[in-house]
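# Chain and residue survey
Spelled out from the first residue to the last, the chains are:
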Protein chains: 2
Amino acid sequence: MADEVKLYGLGGSPFVCRVKIALNMKGIKYENFEEDLGNKSADLLKYNPVHKKVPVLVHNGNPISESLVIVEYIDDVWKGLPILPQDPYEKALARFWAKFVDDKCMPAVYKVFGSKGDEQVVAEACEQMQILENELKVKGTKFFGGDNIGLVDIAADFMAYWLGIIEEATEIKFFTKDKFPKLTEWADHFVNCEIVKEILPPREDMVSFFKKRFGKA
Amino acid sequence: MADEVKLYGLGGSPFVCRVKIALNMKGIKYENFEEDLGNKSADLLKYNPVHKKVPVLVHNGNPISESLVIVEYIDDVWKGLPILPQDPYEKALARFWAKFVDDKCMPAVYKVFGSKGDEQVVAEACEQMQILENELKVKGTKFFGGDNIGLVDIAADFMAYWLGIIEEATEIKFFTKDKFPKLTEWADHFVNCEIVKEILPPREDMVSFFKKRFGKA
């Protein structure tokens, strides 16, 4: 029996794009269900009753939620490009950094735009991003995953693509080549990977969306 | 060469106890370093420069931080009692619920004591715990892991042991058999597992600690 793979998502969401990148790395075809978050589908509410959020992957009828949990599941189930390292220690480090992106980096960065660029809040976001910058410098590799993208790169897709878009929409700029030479170079490499590029939402649409959201339209 | 395993921790921490339970399930001997959080050791700062927090596991010189990342590492590296299921879907569900405990349940429960038992805050904590109660009911098993403890049980050690202690110390009680018949039964089973019981910090010490912390000493 062929696999039945459904993704409930939203094209503009960095969390959903994590899952799309992972599916792309495995060459998995799937049916995409675009959700309207103002009017969530009965399927979404049925498949993710706890959080009622996208993304949800449904594989042969089995629903899975939480983007990084889904990405690990995809890596467990399908062959194709590896997402997590095989070595247990390297794997633990990848999970550590993915969690750091989720728990520390993304909230700090989001807060900047909520605060309309408050200097102290920007400084706090830069402090977290500097930790990632240093990690990439110490590794000395193109990606967090090495020569190819892996779990941490996927987790950080927001920083590679969305951050620059929100900066443009809000005219609040702190993710610069000057401050973050390694991380900005990584972001360039990441968004230009074939496997990533083909699933990213159109830039102009995203800029308009965030202009509206942050009141600059 | 024998494995060298060091744990930098704090006996009273539910996060550190997660790691101790996992090591116990694998029958791993380790050197325990008790940290003074008011005066952190040079080793702790060296091994966990990002968060500067316990627990840190150092295995043959390789440091790992974040309790659930460590628990997964232990399961990857050592045979013994299994912590995560083998089946990829069951594994994803375990990770989903462990994350739910960390992201939703524990913060909601902690908030209760910070708020000195504010009714609305208690209701919000109960709402999250009710989701776990229902999950256990649907599963119909003794533990979240089935017949034996697994990742989710370990993640929820705070609720099984610490919650009742803090309730006693603060005289704020909401984790009752009445409201949570399944979850309180699970907590009883959990703290009475040999493998768990032998590493839990003494109850009276913990009650005193939380009485001081919450100003009831």
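Everything numeric in this text was worked out from a predicted model, so none of it was measured.

Take the overall build of chain A next. A tally of helices and strands in chain A yields 10 helices and 4 strands. Going from N to C terminus, chain A has its helices and strands arranged as β-α-β-α-β-β-α-α-α-α-α-α-α-α. Projected onto its principal axes, the C-alpha positions of chain A cover 55 × 45 × 30 Å. Across the 217 residues of chain A, 52% fall into the buried class. Partitioning the intrachain contacts of chain A with sequence separation of at least 6 by distance along the chain shows that 69% fall at a separation of at least 24. Only carbon and sulfur atoms are counted for the fraction: they give 50% of the accessible area of chain A, which is about 10200 Å².

In this assembly, 24 residues from chain A lie in contact with 24 residues from chain B. Between chain A and chain B lies a buried interface of about 2300 Å² when both sides are counted; carbon and sulfur atoms form 69% of it. If you look at where chain A meets chain B, you find 6 salt bridges. Among the ionic pairs, A:Arg95 bridges to B:Asp76, the shortest N-O distance being 3.8 Å.

All names here are of chain A. Here the bond from Val54 into Pro55 is cis, since omega is -5 degrees, no more than 30 degrees from zero. One non-glycine residue with positive phi stands out, namely Glu66, at about 80 degrees. Examined against the element boundaries, Glu66 turns out to sit in the loop between β4 (62-65) and α3 (67-77).

Residues and elements named next belong to chain B. The residue Asp157 is located in helix α7 (residues 157-170) in this model. Buried charged residue Asp157 carries no salt bridge. Nearest counter-charge: Arg18, at 4.1 Å. Those residues in contact with Asp157 that sit more than four places away from it in its chain are Pro14, Cys17, Arg18, Ile21, Trp162 and Phe190.

Residues and elements named next belong to chain B. In a regular helix each residue adds 1.5 Å, so 27 residues correspond to 39 Å; helix α4 (residues 88-114) covers 38 Å between its end C-alpha atoms and thus fits that length. Where α4 begins, the side chain of Asp87 points an oxygen toward the backbone nitrogen of Tyr89, at a separation of 3.1 Å. Directly after α4, the chain includes Lys116, whose backbone phi takes a positive value near 55 degrees.

What follows concerns the packing of aromatic side chains. Residue and element names in this part refer to chain A. One pass over the structure, following the stated rule, counts 30 aromatic pairs over all chains. When the centroid spacing of 6.0 Å and the interplanar angle of 35 degrees are considered together, the rings of Phe113 and Phe174 count as tilted. Of this pair, Phe113 sits in helix α4 (residues 88-114) while Phe174 is found in the loop between α7 (157-170) and α8 (181-192), placing the two residues 61 residues apart along the sequence. Overall, Phe113 belongs to the buried group, its relative accessible area being 3%. Residue classification places Phe174 among the buried positions, given a relative accessible area of 0%. With centroids separated by 5.9 Å and ring planes inclined at 50 degrees, the aromatic side chains of Phe175 and Phe180 adopt a geometry described as tilted. Taken together, the ring pairs connect Phe113, Phe174, Phe209, Phe210 and Phe214 into an aromatic cluster.

Now for the domain arrangement of chain A. Residues and elements named next belong to chain A. Assigned domains of chain A: these are domain 1 (5-77) and domain 2 (88-213). The centre of domain 1, based on its C-alpha atoms, is set 21 Å off from the matching centre of domain 2. Facing 14 residues of domain 1, the contacting portion of domain 2 comprises 20 residues. Broken down residue by residue, the surface that domain 1 buries against domain 2 is led by Arg18, Ile21 and Asn24, which jointly contribute 36%. Across the contact surface, domain 1 and domain 2 share 2 salt bridges. Two residues, Asp102 and Arg18, come together in a salt bridge whose shortest N-O distance is 2.6 Å. Here domain 1 and domain 2 share 7 residue pairs in polar contact (both at pLDDT 80 or more) between them. Going through the elements one at a time, α1 (14-25) and α3 are the ones with two or more residues in the side of domain 1 that touches domain 2.

The rules behind these values
Residue numbers restart at each chain and count upward from 1, following the sequence in its written direction. Each chain is given a letter, starting from A, and each ligand a number, starting from 1, according to the order in which they appear as written. Where local features are concerned, this predicted model is filtered to residues with pLDDT of at least 70; where side-chain atom pairs are given and counted, the filter is 80 or more; whole-chain, interface and lining totals use all residues. In computing side-chain properties, one takes all heavy atoms of the structure into account and sets aside hydrogens as well as water. Counting from the N terminus, the helices are DSSP H or I runs at least four residues long and the strands are E runs at least two residues long. Any residue under 20% of the maximum accessible area for its type is buried, any over 50% is exposed, and the rest in between are partly exposed; the area is computed with a 1.4 Å probe on protein chains only. What makes two residues a contact is simply this: any of their non-hydrogen atoms within 4.5 Å. Under the convention used here, a 1.4 Å probe and the Shrake-Rupley method define accessible areas, while residue burial counts only the protein chains that appear. When two parts are brought into contact, each loses some accessible area as probed by a 1.4 Å sphere; the total of that loss over both is the buried area. Should a side-chain nitrogen of Lys or Arg be within 4 Å of a carboxyl oxygen of Asp or Glu, the pair is scored as a salt bridge. In summary, the charge assignment counts Lys and Arg as positive and Asp and Glu as negative, without counting His or the chain termini. For a helix, the expected span equals 1.5 Å multiplied by the residue count minus one. N or O atoms within 3.5 Å of each other form a polar contact, as long as, within protein, one can give a hydrogen and the other can take it, and as long as residues adjacent in sequence are counted only when both atoms are side-chain atoms. In summary, the pairing rule links any two rings of Phe, Tyr or Trp, Trp by its six-membered ring, whose centres are within 6.5 Å, and it sorts them by plane angle into stacked for under 30 degrees, edge-to-face for over 60 and tilted for everything else. The split of the chain into domains comes from an automatic or database domain assignment.

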